[in-house]
Structure formats: C-alpha cells, structure tokens
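# Observations on the model geometry
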Amino acid sequence: MTESLLPTLADVRAARDRIAAHIGPTPLLRFDADAGAPETFLKLENLQPIGSFKIRGALNRMLSLPLQSLHAGVYTASAGNMAQGVAYAARALGVPARVVVPESAPRAKTDAVERLGGIVLRVPYDEWWATMRDHGRPGVPGVFVHPFADRDVMAGNGTIALELLEAIPDLDAVLVPWGGGGLATGIAAAARALRPEVRVYACEVEGANPLAASFAAGAPATIANQRTFVDGIGGPTVFPTMWPGARDVIAGTLSVTPLDVAETVRLLARRARAVAEGAGATALAAARTRVSSITPTPRRVACIVSGGNIDASVLSTILSGSTPA
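Reference entry: report on the structure contained in this document. This one's a predicted model, so the numbers in the text were calculated from it and none came from an experiment.

Further remarks concern the overall build of the protein chain. When its secondary structure is counted, the protein chain shows twelve helices and ten strands. For 325 residues, the compact-globule estimate of 2.2 N^0.38 gives 20 Å, and the C-alpha radius of gyration of the protein chain, at 18 Å, lies within 12% of that figure. Structurally, the protein chain occupies a C-alpha span of about 55 × 45 × 40 Å along its principal axes. A fraction of 74% describes how many contacts in the protein chain between residues 6 or more apart in sequence connect residues 24 or more apart. Each charge class in the protein chain can be summarised by its mean position, and for the 30 positive and 28 negative side chains these summaries are 3 Å apart.

Shown next as structure tokens:
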C-alpha cells in the first residue's frame, strides 16, 4: 500500500514558523452571497506576492533543506503558479531556479517566472506530466521541488487551515480547488487535527475531474481530460501517492462547469473587487451552485481563492460576458 504523504499538525505548525519571515497571513473576506446561500468567506490567496498559494509550499520545502544542498539551484514542473513560488523562494535564498512548463502554459504566468529570475523550459504536455510523475527530469540540475506530492509542500499549504480556523471558530466546511491535491489535502490534514468536524471538499471542473472519478471507482482513476480556460487544475488522473491521503481526509468532491467558473470570476471582480484565475474561482463557483448537495448543508463556508494569475485576454473575455473557449 502506498504510504500517505499527509503532514502532521506539528509539520504544519513548523511550516508556519518557517515561512513567517517571508510571508504573512492572507486576507479573509466575507462574500456578498445570494439570499439563501450559506455564510461565505473568501481566503484571498490571490493576494500573495506571486498571486497564488503556491508560495507557501515552495518556501517551506526549500527552507526545510540545508542551504548547501541548494548550491546547484532548484527546479519544478508547473503550469505557472508553483513555478512562480519556486522562483520567488529561490530568489529569496539566492539560488538559481528553473521551471519545466507545458507548451500551453499561460504567458501571464511564465512572464512572471522570468521576472523573478527563473529560467522557463517549455516542453510538450506529456513530457511535462512525466516530469511530475517521475519526480524530476534528466539533464536539469538542482533539487526537484514537486508541485504537490511532497509532505513539506503540503505542510506549507496546510498553514491556510491554521489561519482559517483561528479566524472562524464555527466554520462548517472548506471548499478547495483540486489540481494535484497538495492544497486540498494539506488543508484537510490540518483541519482534521484541529477540528475534525470541519469538512473539506475538493472542487473540480466537469470533464476534468479525476478525483470525482477516483472516489467513484474507489481507486486512482484516469479520465479523458477536457482542457478549458481553467488551466490551473484538472489533470488526467490522481497520482497514486496522493490517493491514500485524499481518501482519508477529503469529505467529497463538487464539480462545476466552465460557465459556472466564468460567472464566478465576474462576480468576484464585481462584488469582492478580486481578480481570480479560473482555478481560483472554482471553490466559490461550487459554493454558489453545488453546496445544496452537501448533507447536512453547511451554515458557514470558506472558499479558497487559490490564485489570480489570469491572462489579460482571458479576463477581458470573461468580464465582457463570454466564456473563453
């Protein structure tokens, strides 16, 4: 049986101490939800220095290593946000950073990596996926920082749960976008240790929801992944190393449509004055359209706005009232 990568509460608390010198807690905003909806809060990870929660895990992983082990630098495989997290942390520690990205990676994200001093290596999608699967890529120097399947990365992500539960002691549920699973399982592991009654739900997009398929099958499942403008989440499968933890701590999955997500990006801009990428809006989209499927229905819900790195053309299309192809 594959060993669970779930961090302990001690791991998460150590991560908070470790990264505190570099970043602080993100804002928590009460959202102007529709009548009849649960009381809804937004955890604005889009306001991190890199515009994404990924900075937490990247910093914690790299700060957990002896500095001398990083002399050749670090690298990761990422569609953009973990790439920025690793580049940001590498710059702070004074070491080189390289990122392996799929050829389709959004320009807004890869430009930001280069602005932070990182070197972008574009490869075909299958090669990018293989780099994550194999925990590295031949010929790339430095320490590989996995974007999600790493206990230190997940512990850094879990610090979000500490901030949430300290701010909202009567929270019922947390809705989290599911990409590789490091964010949702890191938050769920910490929440279970602190407040076992708080349920954590993974939010996916229909047609790109491997966790829902895996829960239905009772094992990691592979799907025919449908690519949409929601580029930060929705891989073809759940990594076997992530499945035991997800099975143990995730209460369930909620799947939304790309149209739901586009409408929520517009609502976040209008009601919360917040810019979210597709993945960043997915949890709130689920709170707006799928929360009634949860039994018992939660009274207070926190939605993780995981990132705000969206291409200007995509945002413009959405704000004009359309859903990007």
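Next comes the rest of the write-up.
The subject of this paragraph is the packing of helix 10 (residues 258-271) against helix 12 (residues 312-319). Interaxial distance between helix 10 and helix 12 falls to 9 Å at its minimum, and their mutual angle equals 90 degrees. If you check the angle between helix 10 and helix 12, you find them roughly perpendicular. Facing Ala262, Val265, Arg266 and Ala269 of helix 10, the residues of helix 12 in contact are Leu315, Ile318 and Leu319. Across the contact of helix 10 with helix 12, the residue classes break down as six nonpolar, no polar and one charged.

On to the sheet that holds strand 6 (residues 143-144), then. Taking strand neighbours across the sheet as the criterion, the four strands line up as 5-4-3-6 in an open arrangement whose pairing is parallel. In the strand order of this sheet, the two ends are held by strand 5 (119-123) and strand 6, each with one partner. In this sheet, strand 6 lies alongside strand 3 (residues 74-77) in parallel orientation, the contact comprising two bridges. Looking across to strand 6, one finds that Tyr75 is bridged to Phe144.

Our next topic: helix 3 (residues 81-93). Over its 13 residues, helix 3 extends 18 Å from the first C-alpha to the last, a length consistent with the 18 Å expected when each residue adds 1.5 Å. Taken residue by residue, helix 3 has Asn81, Met82, Ala83, Gln84, Gly85, Val86, Ala87, Tyr88, Ala89 and Ala90 as its buried positions. Packing partners of the buried residues in helix 3 comprise helix 2 (54-63), strand 3, strand 4 (97-102), helix 4 (107-115) and helix 6 (151-167). Looking one or two residues beyond helix 3, the residue adopting positive phi is Gly94, at roughly 75 degrees.

Cut-offs applied
Residues numbered from 1 in each chain as written. Predicted model: local features only at pLDDT ≥ 70, side-chain atom pairs only at ≥ 80, totals over all residues. Heavy atoms only, no water. Helix = DSSP H or I, 4+ residues; strand = E, 2+ residues; numbered from the N terminus. Rg over C-alpha atoms; globule rule 2.2 N^0.38 Å. Contact = heavy atoms within 4.5 Å. Lys, Arg positive; Asp, Glu negative; His and termini not counted. Charge placed at Lys NZ, Arg CZ, Asp CG, Glu CD. Axes fitted to C-alpha atoms, helices over the stretch in contact; angles between N-to-C directions. Parallel < 35°, antiparallel > 145°, perpendicular 65-115°, else oblique. Nonpolar A, V, L, I, M, F, W, Y, C, P; charged D, E, K, R; others polar. Pairing = 2+ DSSP bridges. Expected span 1.5 Å × (residues − 1). Buried < 20%, exposed > 50% of the residue type's maximum accessible area, 1.4 Å probe, protein only.

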